[in-house]
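Fold and contact review
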Amino acid sequence: MAANLHKYKFTGPSGARPEASGQGNSGNANRPATPTTQSEDKNMDIDTIRMDIISSLRADISLAIKEELKNALAETFDGIKGKLQAVRAEIAANASTTRAEIELIKHGIKDVEGGISAWSDETAALQATVTMLQKQVEQLQDKCEDMERRMRRGNIRIMGVPEQPGTSSPAAVSKLLKELLQLDKDVKIDRSHRSITPRKPGGKSQVIIAKLHYDGDCMAILRKARDRAPLSYNGNHVAIFPDYTTSVARARAAFTDVRKALRGRQEGRYGLIYLAKLRITYNGEEQEFLNASEAMDYVRKKIPMDTQTDNGHTPPHI
């Protein structure tokens, strides 16, 4: 700024007008200066100096501000750059660790996929084995059921005999059957015993299960017991039934309501066929049922009900 002001340095007498170095007008050099002209020139010089000073100050201030901003921004940029480099290094380290972990996960997934594939094959083989075993179990169950049924063909169940010592022995059962059914000869009994079902307090006597030596004697006894029903022995009501397996007894018991309903129907004949099949004969037409509900529907729709049964009682309502 001092260099810019040097051109306005005054070297002449105090009364003379200062001139700018290197400037002037040869035509006006010899013209005498009037007071008005001198005042105007003075004002113009002051304004010019002021403008130059302001411009110079602006330039200096702008330069100083630029330098300060540059230094401040340089320090800030250096700090930011250092932080960015640290973050970059940390990201690189984390990326390496992440890549390593991803690789481990990939290997683990491959191992799991291999294991799942092997387990899937083993499961398929096991399913096939289970299916085969289920079929074998069903076949064995059917065989066991059939064997149990065959073993029980020669058995009878006697209900209503009071529980007293010696009443369930083979000799006592043979004597009971001979006297009860008025047989001509003694019945050969291989073994006999009471049912092992727990007896309720005050309940009925346990059933006697007897194994007959001859199957023909078993069929004859069941036939005579059915023909001579109801049976009574020493004042006690006695009943003789075949010895069915649990599944057969349950299947035959499902037709109990249908059989009760048929007792009040006109001209209807019925009977249970082994294993568990209900045969109904009405108007010369014979029908066989394995399902109790289907049999009940047939009875309701086809066979009318009698107003009174043979024993004089009103038949049960269906």
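Residue numbering note: each chain is counted from 1, following its sequence as written. The model is predicted, so local features are restricted to residues of pLDDT at least 70 and side-chain atom pairs to those at 80 or more, both for listing and for counting; the totals for chains, interfaces and linings are taken over all residues. With hydrogens and water set aside, each side-chain value is computed from the structure's full complement of heavy atoms.

1. Some thoughts on the sheet that holds strand 4 (residues 231-233)
Pairing is antiparallel across the open sheet formed by five strands, whose spatial order is 2-3-1-5-4. Of all strands in the sheet, those with a lone pairing partner are strand 2 (189-194) and strand 4, marking the two edges. Adjacent strand axes in the sheet meet at a mean angle of 30° when their direction is disregarded. Here, a strand pair is defined by DSSP locating no fewer than two bridges between the strands. Here a strand is any run of E in DSSP of at least two residues, a helix any run of H or I of at least four, and the numbering for each starts at the N terminus. Taken together, the four bridges between strand 1 (residues 155-159) and strand 5 (residues 236-242) define a ladder with antiparallel strand orientation. In the sheet register, Ile156 faces strand 5, and the bridge partner there is Pro242. Axis definition: a line fitted to C-alpha atoms, limited for helices to the stretch in contact. Angles are taken between N-to-C directions and run from 0 to 180 degrees.

2. A look at the layout of surface pockets
By volume, the largest pocket is sized at about 1700 Å³. Among the elements that make up the lining of the largest pocket, the one with the highest residue count is helix 4 (residues 215-227) (seven residues). For this classification, Asp, Glu, Lys and Arg are treated as charged, while Ala, Val, Leu, Ile, Met, Phe, Trp, Tyr, Cys and Pro are nonpolar and the rest, including Gly, are polar. Each residue belonging to the lining of the largest pocket can be placed in one class, and the counts come to 22 nonpolar, five polar and 11 charged. Cavity: a set of points on a 1 Å grid over the protein atoms alone where a 1.4 Å probe fits but cannot get out. Pocket: an open set with protein on both sides within 12 Å along at least five of seven lines, its lining residues, like those of a cavity, having an atom within 4 Å of a point. Grid points are joined across faces, edges and corners, and a volume is the space filled by probe spheres set on the points.

3. Some thoughts on the sheet that holds strand 6 (residues 268-273)
The strands making up a sheet associate through backbone hydrogen bonding, with each pair oriented either parallel or antiparallel. In spatial order, the strands read 6-7-8; together these three strands make up an open sheet with antiparallel pairing. Across the chains shown, the open sheet's two edge strands, defined by having one partner strand only, are strand 6 and strand 8 (285-289). Sheet twist, expressed as the mean angle between neighbouring strand axes with direction ignored, is 20°. Across six bridges, strand 6 lies against strand 7 (residues 277-282) in antiparallel orientation. The residue of strand 7 that forms the bridge with Leu272 is Leu278.

4. Notes on helix 3 (residues 170-181)
Here, expected helix span is obtained from the residue count minus one, scaled by 1.5 Å. Between its first and last C-alpha, helix 3 extends 16 Å over 12 residues, near the 16 Å set by a 1.5 Å rise per residue. All of the buried residues in helix 3 are Val173, Ser174, Leu176, Leu177, Leu180 and Leu181. Taken end-on, helix 3 shows its buried residues confined to a sector of 160°, consistent with a single buried face. Note on definitions: a residue-residue contact is assigned when non-hydrogen atoms from the two residues lie within 4.5 Å. Buried-residue contacts for helix 3 involve strand 1, strand 2, strand 3 (208-212), helix 4, strand 4 and strand 5. Once helix 3 ends, the next one or two residues include Gln182, with phi positive near 55°. Throughout this description, buried means an accessible area under 20% of the type-specific maximum (1.4 Å probe, protein chains only), exposed means over 50%, and partly exposed covers the range between. To be clear, the arc concerns the directions from the helix axis to the C-beta atoms.

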